[in-house]
Amino acid sequence: MRLKDKVAIISGAASGMGAATARIFAREGAKVVIADMLEQEGRVVADSINATHPGAALFMALDVTNEAGWQKVVQETVRAFGRLDILVNNAGISGSATNNLLDVELWHRVMAVNSTGVFLGTAAAVPQMQKNGGGSIVNLSSISGVVGQAFVHMSYNASKGAVRTMTKSTAVQFGKDRIRCNSVHPGLMPPMRTSGATADPEVRAKMLKSVQLGRAGEVDEVANAILFLASDESSYVTGTELYVDGGYLAM
Ligand SMILES: NC(=O)c1ccc[n+]([C@@H]2O[C@H](COP(=O)([O-])OP(=O)(O)OC[C@H]3O[C@@H](n4cnc5c(N)ncnc54)[C@H](O)[C@@H]3O)[C@@H](O)[C@H]2O)c1
């Protein structure tokens, strides 16, 4: 088992890639906290994990933009499972929820969830990981954190670009504490709950032309990359970025 006895918090784990990651982490021996705003969906994911791995999953309500909420989730994780080894900053909202590419309100909302949410999670987890003697933080960026895109509000690119460089700051500032931090950059995946244009089959067909493997990715393909970076198999990997994009960024 690749995460035996590790304790992980995964934000946004009620859905999509976060839920897939929670399932794979539990399979590999971890205790997982499913931290999400979606209580009902989050509890369903936790229950389904506990059905096959009793006691492995716990749901905790969290809005990642809430600093006190993050502190509480970290405290309750330690109370329940004794430590914190892994944080996956996965919660996010889409930049294609509107067709108005100059929507100012969306800018603020996307930056708050996708960037500030990652910083707040890091700020809550690092002191606990310092106490533990180390840890691994995996931040979900995107291909959108590396290049601009025609159909996506620039807040999404900016927020994911911030995640990409924040990851390197975390690696530089806390490497001395044996805390590693890396970013994962999914490409064309099943649409997010909040996707607008990027859920449109015509837009997806256009994006697919840039995917060298000629198909969309699957959530487990991203979860497996997160698993590698969370586990001790990547013990000498920090401050780096892993593209899980079928070659989208290769050209
Ligand atoms: N799906 C894609 O095409 C794609 C591509 C690249 C990167 N990503 C990134 O991967 C991550 C996961 O995306 P997904 O496809 O699984 O999306 P999803 O919409 O299925 O899941 C996102 C989860 O985040 C949660 N969330 C949103 N705002 C939150 C908040 N304020 N507090 C707590 N939880 C909140 C949602 O409730 C949901 O459970 C996101 O960061 C996303 O930006 C997705």
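Everything here concerns the structure above.
About the thresholds
- Residues numbered from 1 in each chain as written.
- Predicted model: local features only at pLDDT ≥ 70, side-chain atom pairs only at ≥ 80, totals over all residues.
- Heavy atoms only, no water.
- Helix = DSSP H or I, 4+ residues; strand = E, 2+ residues; numbered from the N terminus.
- Contact = heavy atoms within 4.5 Å.
- Areas by Shrake-Rupley, 256 points an atom, 1.4 Å probe, with all protein chains shown as cover.
- Lys, Arg positive; Asp, Glu negative; His and termini not counted.
- Charge placed at Lys NZ, Arg CZ, Asp CG, Glu CD.
- Axes fitted to C-alpha atoms, helices over the stretch in contact; angles between N-to-C directions.
- Left-handed = near helix turned anticlockwise from the far one by under 90°.
- Nonpolar A, V, L, I, M, F, W, Y, C, P; charged D, E, K, R; others polar.
- 1 Å grid on protein atoms, 1.4 Å probe; cavity = no way out; pocket = protein on both sides within 12 Å on 5 of 7 lines; lining within 4 Å.
- Points joined across faces, edges and corners; volume = space filled by probe spheres on them.
- Parallel < 35°, antiparallel > 145°, perpendicular 65-115°, else oblique.
- Buried < 20%, exposed > 50% of the residue type's maximum accessible area, 1.4 Å probe, protein only.
- Pairing = 2+ DSSP bridges.
- Right-handed = clockwise from strand over helix to strand, strands pointing away.
- Core = buried A, V, L, I, M, F, W, Y, C linked by side-chain atoms within 4.5 Å.

Caption draft 1: Just the overall build of the protein chain, in detail. Tallying secondary structure elements over the protein chain gives seven helices and seven strands in all. Walking the protein chain from its N terminus toward its C terminus, one meets helices and strands in the order β-α-β-α-β-α-β-α-β-α-β-α-α-β. Along the three orthogonal principal directions, the C-alpha set of the protein chain runs to about 45 × 40 × 35 Å. The long-range fraction of contacts in the protein chain, counting pairs at least 24 apart against all pairs at least 6 apart in sequence, stands at 73%. Accessible surface for the protein chain amounts to roughly 11,200 Å². Of this, 56% is attributable to carbon and sulfur atoms. Both charge centroids of the protein chain, one from 23 positive and one from 22 negative side chains, sit 4 Å from each other.

Caption draft 2: Main features of the packing of helix α3 (residues 67–81) against helix α4 (residues 104–132). Where α3 contacts α4, the two axes come as close as 9 Å, and the packing angle between them is 35°. Every pair of crossing elements has a handedness; the one defined by α3 and α4 is right-handed. In this structure, α3 contributes Glu67, Trp70, Gln71, Val74 and Val78 to the contact, and α4 contributes Gly117, Leu120, Gly121, Ala124, Ala125 and Gln128. The residue makeup of the contact of α3 with α4, split by class, is six nonpolar, four polar and one charged.

Caption draft 3: Representation of empty space enclosed by the protein within the structure. If you walk through the whole model with that rule in mind, you get one cavity of 30 Å³ or more. If you tally residues by element for the lining of the largest cavity, the top one is α4, at three residues. The class makeup of the residues in the lining of the largest cavity is four nonpolar, four polar and no charged.

Caption draft 4: A look at the packing of helix α1 (residues 16–27) against helix α2 (residues 39–52). It is the contact of α1 with α2, at a shortest axis distance of 10 Å, that shows an interaxial angle of 20°. In terms of their interaxial angle, α1 and α2 are classed as roughly parallel. Crossing hand, α1 versus α2: right-handed. Residue-level contacts link Ala19, Ala22, Arg23 and Ala26 of α1 to Val45, Ser48 and Ile49 of α2. For the contact of α1 with α2, the residue count by class is five nonpolar, one polar and one charged.

Caption draft 5: Representation of the pairing of strand β2 (residues 31–36). When you tally the buried positions in β2, you get five out of six residues, the bulk of the element. Here strand β1 (residues 7–11) pairs with β2 via five bridges, running parallel. Within β2, the residue paired with Ile9 across the bridge is Val33. The handedness of the β1 to β2 crossover, carried by α1, is right-handed. Relative to strand β3 (residues 57–61), β2 is paired through five bridges, and the arrangement is parallel. Counted as the bridge partner of Ile34 is Phe59 from β3.

Caption draft 6: View of unusual backbone geometry. Backbone geometry at Asp5 places phi at a positive 65°, although glycine is not the residue there. Residue position: Asp5 is located in the segment before β1. The backbone of Arg178 shows a phi angle near 60°, a positive value even though the residue is not glycine. Along the chain, Arg178 turns up in the loop between α5 (154–174) and β6 (179–186). Judged by relative accessible area, Arg178 falls into the exposed class, the value being 63%.

Caption draft 7: Structural view of the sheet that holds strand β4 (residues 86–89). The parallel open sheet is built from seven strands, whose spatial order is β3-β2-β1-β4-β5-β6-β7. For this open sheet the edge positions go to β3 and β7 (241–244), each flanked by a neighbour on one side alone. Between one strand and the next, the sheet's axes are offset by a mean angle of 20°, whatever the strand orientation. Sheet strands in contact with α4 are β4, β5 (135–140) and β6, and its direction is about 180° off that of β4.

Caption draft 8: Structural view of the nonpolar core. One finds Phe25, Val32, Ile34, Ile49, Val184, Val222 and Ile226 to be the most contacted residues of the largest nonpolar core, which totals 34 residues. Elements that contribute at least two residues to this core include exactly β1, α1, β2, α2, β3, β4, β5 and α7 (219–230). Ignoring anything within four residues of it in the chain, the contact list for Val32 reads Ala8, Ile10, Ala22, Phe25, Ala26, Ile49, Ala56, Ala57, Leu58 and Phe81. Counting residues in hydrophobic clusters, the runner-up holds 29 residues, among them Leu84, Leu87, Ala124 and Met129.

Shape is all these values report; function is a separate question.
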